[in-house]
Amino acid sequence: MQRLIVALSRGMGVIAALSLVVLMFAITLDVVVRYLTKASVPGMLEIAESCLVISIFFGLPLAAVRGEHVAVSLVTDRLGAAAARACALFAWAVTSLFLAWMSWASIVRALDATQRGEERFGLIRWPIWPMRWVIVVGLVVFFTVALLNVIRVIAGRETLGAQDDVELAREQLNAVLEDTVLDDAVLNDTDSTSDAQPTATSRNPRSEVRA
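Reading the values: rules and limits
- Residues numbered from 1 in each chain as written.
- Predicted model: local features only at pLDDT ≥ 70, side-chain atom pairs only at ≥ 80, totals over all residues.
- Heavy atoms only, no water.
- Phe/Tyr/Trp six-rings, centres within 6.5 Å; stacked < 30°, edge-to-face > 60°.
- Helix = DSSP H or I, 4+ residues; strand = E, 2+ residues; numbered from the N terminus.
- Buried < 20%, exposed > 50% of the residue type's maximum accessible area, 1.4 Å probe, protein only.
- Core = buried A, V, L, I, M, F, W, Y, C linked by side-chain atoms within 4.5 Å.
- Contact = heavy atoms within 4.5 Å.
- Axes fitted to C-alpha atoms, helices over the stretch in contact; angles between N-to-C directions.
- Parallel < 35°, antiparallel > 145°, perpendicular 65-115°, else oblique.
- Left-handed = near helix turned anticlockwise from the far one by under 90°.

Asker: Mind laying out the packing of aromatic side chains, listing which residues take part and the relevant values?
Answerer: In the structure shown here, the tally under the stated rule is 1 aromatic pair. Look at Phe 98 and Trp 101: their rings are 5.9 Å apart centre to centre, the planes differ by 40°, and that puts the pair in the tilted class. Of this pair, Phe 98 and Trp 101 both sit in helix H3 (residues 81-116), separated by 3 residues, roughly a single helical turn. Here Phe 98 falls in the partly exposed class, since its relative accessible area comes to 47%. Of the residues examined, Trp 101 reaches a relative accessible area of 56% and is grouped as exposed.

Right, dumping it as structure tokens:
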């Protein structure tokens, strides 16, 4: 379950990053065209707004998985392990309840917007209701991450963000060890090759004399 949530959050993070790229190009194109023709490109503003929604709500789960949301540890750093775990449990429990309420309210709003075919009227008619479901997906996955952190704290384990840091350090250490072992193997092969060459050279003159 944890691997699925982490993989889903990372996939959503990739989509959020791509949305920022599209947002950048849309704004740049609109600015250039407006400077040259004194008129905006139809649909660029709507595309930019949609990409902004995707980048925000699809980035929330990944930030939670990596522990990159804003956090202040002035109090928990001065507490014992048990008290700090209790504070983490309280924080993630409140976060889970809040996200559950937000997810439910977003689902109700998305269903209503879908039934009405909610649109935005500007230079073009742009459907808004798909972005309602983007908000739902982002909040539901974020809620799942928060609930998983509650379970991990209850079980006496670190939250997902702290666990990722430990795994990153372990991977870096393993990479350093692998490079060291590879360098030692290369050096051993070089030494064995250099030791074998004089022997072969010393045998060649004898073979020539016998011939």
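Asker: Run through the nonpolar core, naming residues and quoting values.
Answerer: If you look at the biggest cluster of nonpolar residues, it comprises 16 residues, and the most contacted ones within it are Phe 57, Val 65, Leu 99, Leu 139, Phe 142, Val 145 and Leu 160. Breaking this core down by element, the ones donating at least two residues are helix H1 (2-37), helix H2 (44-66), H3 and helix H4 (129-154). Counting residues per element, this core draws most heavily on H4, at 7 residues. Beyond its immediate sequence surroundings of up to four residues, Leu 139 is in contact with Phe 57, Leu 99, Met 102, Ser 103 and Ser 106.

Asker: So what's going on with the packing of H1 against H2? Which residues, and what values?
Answerer: For the pair H1 and H2, the least separation of the axes is 7 Å and the interaxial angle reads 155°. By the angle class used here, H1 and H2 are roughly antiparallel. Between H1 and H2 lies a crossing of left-handed hand.

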